[in-house]
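Tertiary structure, described
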Amino acid sequence: MSKSSPIFTCSTCGTVHKKWQGRCDGCGGWNTIVEDTPLSSGPKSLGAKGRSIPLTDLATEEAPPPRAGSGIDELDRVLGGGLVPASAILVGGDPGIGKSTLLLQATASFARKGLKCLYISGEEASAQVRMRAQRLGLAQAPVSLGAETNLRDILTTLDAERPDLAVIDSIQTMWLDTVEAAPGSVSQVRAAAHELVTFAKKRGVAVILVGHVTKEGQIAGPRVVEHMVDTVLYFEGERGHQFRILRAVKNRFGPADEIGVFEMTGGGLSQVTNPSALFLSSRDTPAPGSAVFAGIEGTRPVLTEIQALVAPSTLASPRRTVVGLDSGRVSTILAVLEARCGIPFTGLDVFLNVAGGLRVNEPAADLAVAGALLSAREDVAIPPDMVLFGEISLSGALRPVGQTENRLKEASKLGFQQATLPSRSKTSGAEDMKLREMADLTAFVGEMFGAG
Ligand SMILES: [Zn+2]
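Residues numbered from 1 in each chain as written. Predicted model: local features only at pLDDT ≥ 70, side-chain atom pairs only at ≥ 80, totals over all residues. Heavy atoms only, no water.

**Focus: the coordination of the zinc ion**
As a reminder of what qualifies: Atoms are scored as donors when they are N, O or S and lie within 2.8 Å of the metal, with 3.2 Å used for Na, K and Ca; no water is included, so coordination may look incomplete. In this scheme the shape depends on donor count and angles: four donors with every angle between 85 and 135 degrees give tetrahedral, four or six donors with opposite pairs above 155 degrees and others between 65 and 115 give square planar or octahedral in turn, and any other case is irregular. For the purposes of this entry, the term helix denotes a DSSP run of H or I that reaches at least four residues, the term strand denotes a run of E that reaches at least two, and both are numbered from the N terminus. Relative accessibility decides the category of a residue: with a 1.4 Å probe and only protein chains considered, values under 20% of the type maximum give buried, values over 50% give exposed, and everything between is partly exposed.
Around the zinc ion, the donor atoms from the protein are Cys10 (SG), Cys13 (SG), Cys24 (SG) and Cys27 (SG), and they sit 2.3 Å away. Each of the 4 donor atoms bound to the zinc ion contributes to angles spanning 106 to 114°, and the resulting shape is tetrahedral. Donor residues binding the zinc ion come from one chain and are separated in sequence as C-x2-C-x10-C-x2-C. Residue cysteine 13 is found in the loop between strand S1 (7–10) and strand S2 (16–17), and its partner cysteine 27 is found in the loop between S2 and strand S3 (33–36); the two are separated by 14 residues along the sequence. Taking the relative accessible area as the measure of exposure, cysteine 13 reaches 13% and is therefore buried.

Rendered as C-alpha cells:
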C-alpha cells in the first residue's frame, strides 16, 4: 500500500478539507474534522480493455419497480409505496430514538409477508435482539438474526442466504479488513456502505443501513453515505416525547419529504394513521398564543398547532427560542410585523414551538406563525375553530400556497369551520367553511386583533 498524504474529512457531513481546522465550512460543526486516509486513486491510466455498454433511447418503456408492502402503512408511505427490491435505504436518527425497535418491527412485518429477512446487529448480541423481539411480541416472526461486525463475513453470509431484505444495524459498527482505519471512521463507514450497496444491486438484495446521528468527534455520521443510497429516511422526535416522525429526505422511488408518524408505546412503535387529530389532541380551551396551521407533509395534509409565548425581557438582546420551525424564517416574520404593521417585538422574549414535536419547513406556515405571535403579544385568542396558512412576503403581502383545497378539506374533516388564507387562493370545493381571504398582513392584523 503506498502512503499518500493525509486528507481531512468532516465526520458529520463528509466535506473534505486540505488541512485540519476547528470548524467545518460544510456544516458549521465544531471539532468534527478528522484525519482520513484517502481512498486509493487506482491505476494511473486506463487500458483499452473496457467493453461497450448497452444503450437505450429515451422512449424505452420502463415498468414501475415491483414493491413489497410491510403492512405498516406509515412505513410503506415513506418508502414511496413499499420496499423496492435491490434498493439501498439509509435510516438515520439520534441514538436511542427507536430506530432498532422500528426496524425490527418492520423486518418482522416483511418476513410475515413472505420476504426472506436477515437482521444483522453489530451493536447487540443476538440474545439482546431476541429479547427485544419478545418484548415487542415478534418472537414468532421468521426473521434470521446475526451478530457480526466483520463485513467480509456478513457479505459471505448474505451471498449464501440470498435474502430479500437485510438490515444492517448499524453501519458505524461495520468494518472492512481492507481499510486501514478504525470502525466508525469516515473511510470505514464509506467503504462498508459502498460494499453493501454494490452487493445489493448485484445480488438483488434490498439493504437497510442504520446510521446514528453523531454530534461530534471520531464517529462518522449518516450524512457521509447519503449520496450512495437510493432512499434516505430520518427518524425525528425527542427521547421524552411520545411521537416519532420518519421523514424521507431523499427517495429515488417516491416523493421526498413524505412523513410517517409513529407513537412510542409499551409494545413498541405503533403507527398513527391520522396525525392531524393526534397533533391537535392536546388542545383544550382556546388560549392566546395558539394558532392551528393547515400544512402539507409530503402528499398529505397535516394540521399542527403553533404555540407562541411573548413576555417582557430583562436581557439586552431578548431571547428568540424557536423549536420545530426555521429560526431565520421566524426572524423575517418578526421584522415584517415591525416594519409593515408597526408592531415591534423589541424588549420582548419570544418563544415559538410546534406542538407534538413535528418539524414544519413550509413557508405556508408564515401566517400561522404571525397569528400565534400576535395572539400571544395582544393576549387575544384566535377562534378555536380556525386554521391559518399563507406565505408572507417581505412587503407584507400574503402569497397563495399550493394545495389549498387539500388543506381546507382536512381542516373541515376535523371540525374546523373557518380559515384565514391569502386572497386569490384556489378554494373550490370548500363551501362548508367560512373563508377569510386577506391581501396582506396589515389587513390580517386589523381584522383579527383590531386596528391597533
Ligand atoms: Zn461538516
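**A word on unusual backbone geometry**
Going from aspartate 169 to serine 170, the amide bond is cis rather than trans, its omega being 0°. Within the secondary structure, serine 170 is located in the loop between strand S7 (165–169) and helix H5 (186–203). Positive phi, normally seen in glycine, also occurs at arginine 162, with a value near 50°. Mapped onto the elements, arginine 162 comes out in the loop between helix H4 (151–161) and S7. Within the chain, glutamine 403 stands out as a residue other than glycine whose phi angle is a positive 55°. A relative accessible area of 35% means that glutamine 403 is categorised as partly exposed.

**A few points about the nonpolar core**
Let me state the cut-off plainly: Working definition of a nonpolar core: buried Ala, Val, Leu, Ile, Met, Phe, Trp, Tyr and Cys residues. They are joined through side-chain atoms within 4.5 Å. By definition, residues are in contact when any of their heavy atoms lie within 4.5 Å.
If you look at the biggest cluster of nonpolar residues, it comprises 63 residues, and the most contacted ones within it are Ile306, Phe345, Leu373, Leu441 and Phe444. The dominant element in this core, judged by the number of residues it contributes, is helix H8 (residues 366–378), at 8 residues. The contact partners of leucine 373, leaving out residues within four places of it in the chain, are Ala308, Val310, Ile333, Leu334, Leu337, Phe345, Val350 and Leu352. Judged by nonpolar contacts, the second largest core, of 35 residues, contains Ile97, Val129, Ala133 and Leu233.

**Overview of empty space enclosed by the protein**
Heads up, the rule is: Lining residues are those with an atom within 4 Å of a point, where the points come from a 1 Å grid over the protein atoms alone and group into cavities, where a 1.4 Å probe fits but cannot get out, or pockets, open sets with protein on both sides within 12 Å along at least five of seven lines. Grid points are joined across faces, edges and corners, and a volume is the space filled by probe spheres set on the points. We call Asp, Glu, Lys and Arg charged. Ala, Val, Leu, Ile, Met, Phe, Trp, Tyr, Cys and Pro are nonpolar, and the rest, Gly among them, are polar.
Tallying each qualifying case throughout the model produces 4 cavities of 30 Å³ or more. Estimated volume of the largest cavity: approximately 50 Å³. Every residue along the wall of the largest cavity is listed here: Leu75, Leu79, Ile89, Val91, Leu103, Ala106, Phe110, Ile208 and Leu233. For the lining of the largest cavity, the element with the highest residue contribution is helix H2 (residues 99–112), accounting for 3 residues. Class assignment of the residues belonging to the lining of the largest cavity gives a composition of 9 nonpolar, no polar and no charged.

**Here we look at helix H7 (residues 327–341)**
For clarity, the cut-off: To estimate how far a helix should extend, the number of its residues minus one is multiplied by 1.5 Å. To obtain the arc, one takes the directions from the helix axis to the C-beta atoms.
Along its 15 residues, H7 runs 20 Å from first to last C-alpha, staying within 8% of the 21 Å computed at 1.5 Å per residue. Burial in H7 covers these residues: Val330, Ile333, Leu334, Val336, Leu337 and Cys341. Axial view of H7: buried residues confined to an arc of 160°, hence all on one face. Of the residues one or two after H7, glycine 342 is the one with positive phi, at around 65°.

**Concerning the packing of H2 against helix H3 (residues 126–135)**
We count it as follows: Lines fitted to C-alpha atoms define the axes here, with helix axes fitted over just the stretch in contact, and angles between the N-to-C directions of these axes take values from 0 to 180 degrees. Roughly parallel means an angle under 35 degrees; roughly antiparallel, over 145; roughly perpendicular, 65 to 115; everything else is oblique.
Packing of H2 against H3 leaves a shortest axis separation of 11 Å and a crossing angle of 70°. In terms of orientation, H2 lies roughly perpendicular with respect to H3. Seen from H2, the contacting residues are Ser100, Thr101 and Leu104; seen from H3, they are Val129, Arg132 and Ala133. Grouping the amino acids of the contact of H2 with H3 by side-chain chemistry returns 3 nonpolar, 2 polar and 1 charged.

**Structural notes on the pattern of salt bridges**
Test applied: Counted as salt bridges are all cases of a side-chain nitrogen of Lys or Arg within 4 Å of a carboxyl oxygen of Asp or Glu.
Applying the stated rule across the entire model yields 19 salt bridges. Across the pair arginine 300 and glutamate 74 runs a salt bridge, and its minimum N-O distance is 2.7 Å. Here glutamate 74 lies in helix H1 (residues 73–78) and arginine 300 lies in strand S14 (residues 300–312), a separation of 226 residues in the sequence. Here arginine 300 matches glutamate 74 in class, with each residue buried.

**A closer look at the environment of glutamine 418**
Residue position: glutamine 418 is located in strand S20 (residues 418–422). Relative accessible area serves as the criterion here: at 11%, glutamine 418 is assigned to the buried category. When the C-alpha positions of glutamine 418 and proline 384 are compared, they lie 9.3 Å apart, and in sequence the two are 34 residues distant. Every residue in contact with glutamine 418, bar those within four places of it in the chain, is listed here: Pro383, Asp385, Met386, Val387, Met433, Lys434 and Arg436.

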